[in-house]
Amino acid sequence: MVLKEAKRPFYHWNDEQNEVWNLMYTRQYPRIKDRTCQWYQEGHELLKLSKDVIPSGEALNSVFQERTNWELVSTDVQYSDGQSWFEHLIQRKFLITEYIREKDSLDYTPLPDIFHDVFGHLPMQVHQRYANLTEEYAHLMLECPPDVRVGLGSIWWYTIEFGFIIEDSEIKAFGAGLMSSYAEFDLAFSDKMIRRPFNPVDIAQHKPSPHEWHKILWVMQDFEQLEEFVAQQRQYFRVLY
Ligand SMILES: [Fe+2]
């Protein structure tokens, strides 16, 4: 499969945009750091994310390529449709949205921005095993029948975007959406949140809405649970189709 769009150069951010990053980073990272999973913290260090400026796409891509042999691709599409997103993933290309929310709306962006993509996703995606999983998941999404894809989309959402994982008997944030969301992070760990053990059948019945607070989230016992689920599903559809 050949992707149609031409690759564009990485964007270089101005002072105002860097200030938004600084404000968001400064209030978020110290607050969440100890409640995030090990991979997230390691990835954060590897990518040398800091409060000072939005890291350059070139610098991020250099670490990313060296660690995973994947490529970072700049996009101005603020909400890649599932098809395009997964077609990039199977070619080991990770899209980053080169847009940042406005200073007067730090708490909410209806569309993913650079803070979500780089602060939320990239520290996880920079690990080879995690990148492999996302590639496998993307194959699965593109191979399965449309009615199954809806449920698999929920499972992606409630793991890759809003999942928890157990580490050393403690619940840690795993999903990129949790990492980059100021309000939802605390809500996710609060008594108001219903947290259930990872169960793909259960999750597939819950269709997420990006415009409402979550009421239920799921906790993986370990990363193997998700790897095994994806491998089993791929095997199942290979046999069927
Ligand atoms: Fe995301």
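Scroll up to find the structure this text is about.
Keep in mind that this is a model prediction, so the values were computed, not measured. (Residues numbered from 1 in each chain as written. Predicted model: local features only at pLDDT ≥ 70, side-chain atom pairs only at ≥ 80, totals over all residues. Heavy atoms only, no water.)

Q: Which residues make up the sheet that holds strand β5 (residues 194-197), and what values do they have?
A: The mixed open sheet is built from four strands, whose spatial order is β4-β3-β6-β5. A single partner strand is all that each edge strand has here, and the edge strands are β4 (170-173) and β5. The sheet shows a mean angle of 40° between the axes of neighbouring strands, taken without regard to direction. Bridge count between strand β3 (residues 164-167) and β4: four bridges; the pairing is antiparallel. Counted as the bridge partner of I166 is I171 from β4. Set on the sheet, helix α9 (residues 182-189) makes contact with β3, β4, β5 and β6 (216-220); between it and β4 the angle comes to about 165°. (Pairing = 2+ DSSP bridges. Helix = DSSP H or I, 4+ residues; strand = E, 2+ residues; numbered from the N terminus. Axes fitted to C-alpha atoms, helices over the stretch in contact; angles between N-to-C directions. Contact = heavy atoms within 4.5 Å.)

Q: An account of the pairing of β6 is needed here, citing residue identities and associated values.
A: In terms of burial, β6 is a largely internal element, five of the five residues being buried. Burial along β6 is two-sided: the residues I216, W218 and M220 and L217 and V219 are all buried. Here β3 runs beside β6; their pairing, made up of two bridges, is parallel. Bridging across to β6, F164 finds its partner in V219. (Buried < 20%, exposed > 50% of the residue type's maximum accessible area, 1.4 Å probe, protein only.)

Q: Any chance you could break down the coordination of the iron ion for me, citing the residues and the numbers?
A: Every protein donor of the iron ion is accounted for by H116 (NE2), H121 (NE2), E161 (OE) and E161 (OE), and the metal-donor separations fall at 2.0 to 2.8 Å. If you look at the iron ion, its four donor atoms make angles of 52 to 136° with each other, and the shape they trace is irregular. All donors of the iron ion belong to a single chain; written as a sequence motif, their spacing is H-x4-H-x39-E. Assigned by exposure class, H116 and H121 land together as buried. (Donors = N, O, S within 2.8 Å, 3.2 Å for Na, K, Ca; no water. Tetrahedral: all angles 85-135°; square planar, octahedral: opposite > 155°, others 65-115°.)

Q: Give me the packing of helix α1 (residues 15-32) against helix α5 (residues 114-125): which residues, what numbers.
A: α5 packs onto α1 with a crossing angle of 30° between their chain directions and a minimal axis gap of 12 Å. Seen along the crossing, α1 lies across α5 with a hand that is right-handed. Residues W21, M24, Y25, Q28, Y29 and I32 of α1 lie in contact with α5, whose contacting residues are I114, F115, V118 and F119. Here the contact of α1 with α5 is composed, by residue class, of nine nonpolar, one polar and no charged. (Left-handed = near helix turned anticlockwise from the far one by under 90°. Nonpolar A, V, L, I, M, F, W, Y, C, P; charged D, E, K, R; others polar.)

Q: Any chance you could break down the packing of aromatic side chains for me, citing the residues and the numbers?
A: A full pass over the atoms with the stated rule returns 24 aromatic pairs. Geometrically, the ring pair formed by Y11 and W13 is edge-to-face, given 4.8 Å between the ring centres and 80° between the ring planes. Judged by its relative accessible area of 34%, Y11 falls in the partly exposed class. By relative accessible area, which is 13% here, W13 ends up buried. Between the aromatic rings of W21 and F115, the centroid separation amounts to 5.5 Å while the plane-to-plane angle is 75°, which identifies the pairing as edge-to-face. Of this pair, W21 sits in helix α1 while F115 sits in helix α5, and the two are 94 residues apart along the sequence. Three or more aromatic residues joined by ring pairs make a cluster, and in this case those are W21, Y25, Y29, Y40, F115 and F119. The ring of Y182 carries R27 above its face, with NZ or CZ at 3.9 Å from the centroid. A cation over a ring is seen here: R35 above F189, with NZ or CZ 5.2 Å from the ring centre. (Phe/Tyr/Trp six-rings, centres within 6.5 Å; stacked < 30°, edge-to-face > 60°. Lys NZ or Arg CZ within 6 Å of the ring centre and 35° of its normal.)

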